[in-house]
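# Observations on the three-dimensional arrangement
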Amino acid sequence: VFVPAVLAADALLIVVPPLLGFWQCSAAFYRGMALLVAASPCALALGTPAAVLAGVAQAARRGVVVKGGAHLERLGTVEALALDKTGTLTTGRPEVTALAPAPDVTVEELLRVAAAVERQSQHPLAAAGVRRAEAARVPVAAATDVESVTGRGIRGRVEGAHVTVGSARLFDEDGLQMPASIREAADGLQTAGHSVMLVHRDDRWLGVIGLADRPRDGVRDVLARLRQIGIARIVMLTGDHQAVGEAVGREVGVDAVFADLLPEGKVRSIRTLLEAHGHVAMVGDGVNDAPALAQATVGIAMGAAGTATALETADVALMADDLSRLPFAIGLARQARRVIRQNLCVSLAVIALLVVATTTGAFGIGLAVIAHEGSTLVVMANALRLLAFEG
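Each value, and the rule that gives it
Residues numbered from 1 in each chain as written. Predicted model: local features only at pLDDT ≥ 70, side-chain atom pairs only at ≥ 80, totals over all residues. Heavy atoms only, no water. Pairing = 2+ DSSP bridges. Helix = DSSP H or I, 4+ residues; strand = E, 2+ residues; numbered from the N terminus. Axes fitted to C-alpha atoms, helices over the stretch in contact; angles between N-to-C directions. Contact = heavy atoms within 4.5 Å. Buried < 20%, exposed > 50% of the residue type's maximum accessible area, 1.4 Å probe, protein only. Right-handed = clockwise from strand over helix to strand, strands pointing away. Polar contact = N/O pair within 3.5 Å; in protein donor to acceptor, adjacent residues only side chain to side chain. 1 Å grid on protein atoms, 1.4 Å probe; cavity = no way out; pocket = protein on both sides within 12 Å on 5 of 7 lines; lining within 4 Å. Points joined across faces, edges and corners; volume = space filled by probe spheres on them. Nonpolar A, V, L, I, M, F, W, Y, C, P; charged D, E, K, R; others polar.

With that settled, the discussion passes to the sheet that holds strand β2 (residues 80–84). The strand order β1-β13-β12-β11-β2-β9-β10 describes an open sheet built from 7 strands, whose pairing is mixed. In this open sheet, the two strands that pair with only one neighbour each are β1 (64–66) and β10 (256–258). The mean angle between the axes of side-by-side strands here comes to 20°, regardless of whether they run parallel or antiparallel. Pairing of β1 with strand β13 (residues 316–318) involves 3 bridges; the strand directions are antiparallel. Considered in β13, the bridge of Val65 is made with Ala317. Contacts from helix α12 (residues 263–277) reach β2, β9 (233–237), β10 and β11 (280–284), with the element oriented near 170° to β9.

With that settled, consider the pairing of β9. Most of β9 is tucked away, with 4 of its 5 residues classed as buried. Relative to β9, β2 runs parallel, the two being bridged by 5 bridges. Following the sheet pairing, Ala82 is matched in β9 by Val235. With 3 bridges connecting them, β9 and β10 associate as parallel partners. The residue bridging Met236 from the neighbouring strand is Val257, located in β10. Handedness of the β-α-β unit built from β9, helix α11 (residues 242–252) and β10 comes out right-handed.

Attention shifts here to unusual backbone geometry. With phi around 55°, Arg137 is a residue other than glycine that occupies positive phi space. Tracing the backbone through its elements, the reader meets Arg137 in the loop between α7 (124–135) and β4 (143–149). Of note in the backbone geometry, Asp145 takes a positive phi value of approximately 50° without being a glycine. Tracing the chain through its elements places Asp145 in strand β4. On the accessibility criterion, Asp145 (60% relative accessible area) is exposed.

Attention now goes to the side chain of Arg216. Among the structural elements, Arg216 can be located in the loop between β8 (204–212) and α10 (219–228). Polar contacts involving the side chain of Arg216 include one to the main-chain carbonyl oxygen of Thr88, which spans 2.8 Å. Separated by 3.2 Å, the side chain of Arg216 and the backbone oxygen of Thr90 make a polar contact. If we ignore the near neighbours within four places in the chain, the residues touching Arg216 are Gly87, Thr88, Leu89, Thr90, Thr91, Met302, Asp321 and Leu323.

Turning to empty space enclosed by the protein, a few remarks are in order. Using the criterion set out here, one finds 1 cavity of 30 Å³ or more in the structure. In this structure, the largest cavity spans a volume of roughly 40 Å³. Every residue lining the largest cavity is listed: Ala38, Ser40, Pro41, Cys42, Ala43, Leu44, Ser347, Val350, Ile351, His372, Ser375 and Thr376. Taken together, the elements giving at least two residues each to the lining of the largest cavity come down to α3 (42–61), α15 (325–359) and α16 (365–384). Grouping the amino acids of the lining of the largest cavity by side-chain chemistry returns 7 nonpolar, 5 polar and no charged.

Shown next, in the form of structure tokens:
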């Protein structure tokens, strides 16, 4: 729009005044050429990409990979933040904290059967069960026909028997009734803030495995810094039981906890936040987080521990799993938006001034060139300030 408008105005400036007898043709042509120099949108065109490139470069230098300028600009608009629990707010390396075998089952049998199918899963809870079995030197049989049930658990065949390891939701969906002892053990562990895995083989309940994951070091301070830079609401999304989520949420200091969420539940939570706040960032690391990452205004993946699916879906990646880079990234994005606005204001103001000065004859081409190139240097220098941003 801008360039065609300038060209049309320039043609009118050259033709109309001589026809009306105001200027000589030579004077009209000279002022028309001066107008082209004055209104050339170099500073206007360079102000935004220069700031974006400087912002993306500074982010990369500090361990934050931004996949494009549009993502950097959107990150600067974020008003609410949703974070996955396991692997994001917590270390992602849970440990087995309790073993509650059924009355006729030994601890060794519970671990042996559970670890057999869990060994073929990438989920952090499954890996914890395998590590506990290895530490106890429990011989683990080979599992076949292993099937992962997203957000619920895993199934397979061990020594010819059908084995299921997962949450209570999985067994409820399968229509399996839990004995009172199993239900009480699971409820007790969840109330105490532990995640639980129930183990079932053929027609027998083998027991309950309790696990816990500790929050990342300094995560409460990170959330406090996010609030200082203007994040109005911070929530945690988790597939764990509400009591488990609440225990972690209190420790890290989030505003709200949404628990018992499958991937589609996380998407619904993001949509709710979008309706309330307009611009929402989602931080996650797992396959279960990918739909929510795609739904958010900006999806942010934990780089080193993140799954390939999460990294592919996200717009921004925090390398080295350093959550402390998050306030820096959002602060940088907001500073980049401020620099872009400053550059637009400077370039438009200079263009307006030069248009008036050249058309009235106050400035010739020489002064117009100096002012025009000077404004370009100013916006470039302003954009390069982002390379010194430290957060």
